[in-house]
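Chain by chain, the residues:
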Amino acid sequence: MKIQVIACDRDREVPARTYEITVSDGRTVKADLCARHAEPIEALIRELAGEQPAEEAPAKAPARKSSSRRRPVITTLEEIEAQKKRGGGQSG
């Protein structure tokens, strides 16, 4: 069995896609690029295709609002025993 892995030509990140750009004057450029290095090319493709830019795409799920509830206090058994000896309880 043979597995082919394509890595980015810039930083060797995996996975990567192969991009081939041909200009009408005959120039051709071929590069394997990870998502980070391919972003300018992908942005141009989206623009030319009339697609919505990624940063303006609608969110898949609404962001959760932060809760006003306090987080529970985590206390070790040793800390509880020390509080008992001092005669102090847990403040809250």
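Quantities reported herein were computed from a predicted structural model and do not represent experimental measurements. (Residues numbered from 1 in each chain as written. Predicted model: local features only at pLDDT ≥ 70, side-chain atom pairs only at ≥ 80, totals over all residues. Heavy atoms only, no water.)

Draft legend 1. Representation of the overall build of the protein chain. The helix and strand tally for the protein chain stands at two helices and two strands. Mapped in sequence order, the helices and strands of the protein chain form the string β-β-α-α. Counting all 92 residues of the protein chain, 10% fall into the buried class. Contacts in the protein chain between residues at least 24 apart in sequence constitute 16% of all its contacts with a sequence separation of at least 6. Summed over all atoms, the accessible surface of the protein chain reaches about 8900 Å², with 52% contributed by carbon and sulfur. (Helix = DSSP H or I, 4+ residues; strand = E, 2+ residues; numbered from the N terminus. Buried < 20%, exposed > 50% of the residue type's maximum accessible area, 1.4 Å probe, protein only. Contact = heavy atoms within 4.5 Å. Areas by Shrake-Rupley, 256 points an atom, 1.4 Å probe, with all protein chains shown as cover.)

Draft legend 2. Local environment of the pattern of salt bridges. For the structure on display, the rule yields five salt bridges. Its salt-bridge partner being Glu39, residue Arg46 comes within 2.7 Å of it at the nearest N-O pair. Taking relative accessible area as the criterion, Arg46 reaches 15% and is therefore assigned buried. The class for Glu39 is partly exposed, based on a relative accessible area of 35%. (Salt bridge = Lys/Arg side-chain N within 4 Å of Asp/Glu carboxyl O.)

Draft legend 3. Inspection of unusual backbone geometry at higher detail. Geometrically, the link from Val14 to Pro15 is a cis peptide bond, its omega value of 5° lying close to zero. When you line up the elements, Pro15 lands in the segment before strand 1 (17-22). Phi is positive for Arg12, close to 65°, though the residue is something other than glycine. Residue class for Arg12 comes out exposed when judged on its relative accessible area of 57%.

Draft legend 4. Expanded view of the pairing of strand 1. Here strand 1 runs beside strand 2 (residues 28-33); their pairing, made up of six bridges, is antiparallel. Bridge pairing links Thr22 to Thr28 in strand 2. The loop that links strand 1 with its antiparallel partner strand 2 comprises five residues; one of these, Gly26, has a positive phi angle of about 105°. (Pairing = 2+ DSSP bridges.)

Draft legend 5. Representation of helix 1 (residues 35-49). If you look at helix 1, its biggest bend is around 35°, right at Ile41. One or two residues past the end of helix 1 sits Gly50, with phi positive at roughly 75°. (Bend = angle between axes of the 7 residues up to and from the residue.)

Draft legend 6. Structural context of the nonpolar core. Counting seven residues, the largest nonpolar core is built from Cys8, Ala16, Tyr19, Ala31, Leu33, Cys34 and Ala38. Not counting residues within four places of it along the chain, the set of residues in contact with Ala16 comprises Ile6, Ala7, Cys8, Asp32, Leu33 and Cys34. (Core = buried A, V, L, I, M, F, W, Y, C linked by side-chain atoms within 4.5 Å.)

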